[in-house]
Amino acid sequence: NIPMEIFKNREIDTKEQIDILLLQKESKKREIFQNNSELMETLVGEWYMYSYPSSPQLAEVWETLTTFYPNKEVIDQHNNKGFLYIGKNQSVIFKESNGTKNITTITFDNPRVHYNIFIFSRVSKSNSVNKEMFNFGICSRNRLDISVAKEILGDINEVQLQMNYAMLDRVGKHIKIG
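All chains use their own residue numbering, which begins from 1 and follows the written sequence. Residue-level local features of this predicted model are given only where pLDDT is at least 70; pairs of side-chain atoms are given and counted only at 80 or more, and the full residue set underlies all totals for whole chains, interfaces and linings. Calculated side-chain values reflect all of the structure's heavy atoms, with hydrogen atoms and water omitted.

Engineer: For this particular structure, what's the right way to read the overall build of the protein?
Structural biologist: Secondary structure follows DSSP: runs of H or I at least 4 residues long count as helices, runs of E at least 2 residues long count as strands, and numbering of each begins at the N terminus. Counting its regular elements, the protein contains six helices and nine strands. In terms of overall size, the protein is more extended than a compact globule, its C-alpha atoms giving a radius of gyration of 22 Å where 178 residues would be expected to give roughly 16 Å. Any two residues whose heavy atoms approach within 4.5 Å are treated as being in contact. Nonlocal contacts in the protein, meaning residues at least 24 apart in sequence, comprise 41% of its contacts between residues at least 6 apart. For the protein, the exposed surface amounts to about 11900 Å²; the carbon and sulfur share of it is 52%. Taken as two groups, the 22 positive and 22 negative side-chain charges of the protein have centres that lie 5 Å from each other. Atoms considered for the radius of gyration are the C-alpha atoms alone. The globule rule reads 2.2 Å times the number of residues to the power 0.38. Per-residue and other accessible areas follow the Shrake-Rupley method at a 1.4 Å probe size, with only the shown protein chains counted as cover for residues. Positive charges come from Lys and Arg, negative ones from Asp and Glu, while His and the chain ends are left out of the count. To locate a charge, take NZ of a lysine, CZ of an arginine, CG of an aspartate or CD of a glutamate.

Listed below in structure tokens is the structure:
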């Protein structure tokens, strides 16, 4: 694929200039993440994230105040820190837990952010036993009553999956050293 710019721009008249333009175009193709100032303007500030906790004894629904900063840094009320990576249609937050130093990823659809309430998916480790888990949750610009958050989330078994440790045992049987 030859960019039309090569033919339209009269200032591109040497092989070196064409090579540089082709390298720039190829580099942009490989870039997954980008700048989206409109999305950032909408995200900057405080948001409330709601999901079920890994252990039902901890809370009925987990509410976490999370702040998005203009430099794409993300920090929640528990001082878990991370960074926002904006893709064309979806974005992902990579956060490191303040205490355990485990990594959490939170993915969401960019177009839904403009409604000031949207669904996210989170891959993390549970707080109490360090077990891998997957959660769907909601993120809202406005604080929700816990009963409303619970109504939106629905049944915990439909929005949360915790890894079964028996899988680790099955994987362990196939580990070969050396």
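Engineer: Just checking my understanding: could you explain the environment of Ser 140 for this structure?
Structural biologist: Within the secondary structure, Ser 140 sits in strand β8 (residues 132–140). The classification of residues rests on relative accessible area computed with a 1.4 Å probe and restricted to protein chains. Under 20% of the type maximum is buried, over 50% is exposed, and intermediate values are partly exposed. Owing to a relative accessible area of 3%, Ser 140 belongs among the buried residues under this scheme. Linking Ser 140 and Ile 119, residues 21 residues apart in sequence, is a C-alpha distance of 8.9 Å. Here Ser 140 is in contact with Trp 47, Tyr 48, Tyr 50, Asn 116 and Ile 117, once residues within four sequence places are set aside.

Engineer: It is not clear to me how the nonpolar core should be interpreted in this structure. Could you clarify?
Structural biologist: The nonpolar side chains of a soluble globular protein tend to be buried with one another. Counting 16 residues, the largest nonpolar core has Leu 43, Phe 68, Leu 84, Ile 93 and Phe 108 as its most contacted members. Listing elements by their share of this core, those giving two or more residues are α3 (37–43), β1 (45–51), β4 (81–86), β6 (103–109) and β7 (117–125). With three residues, the single largest contributor to this core is α3. Joining through side-chain atoms within 4.5 Å is the link that ties buried Ala, Val, Leu, Ile, Met, Phe, Trp, Tyr and Cys residues into a set, and such a set is a nonpolar core. With nine residues, the next largest nonpolar core counts Tyr 48, Tyr 50, Ala 149 and Val 159 among its residues.

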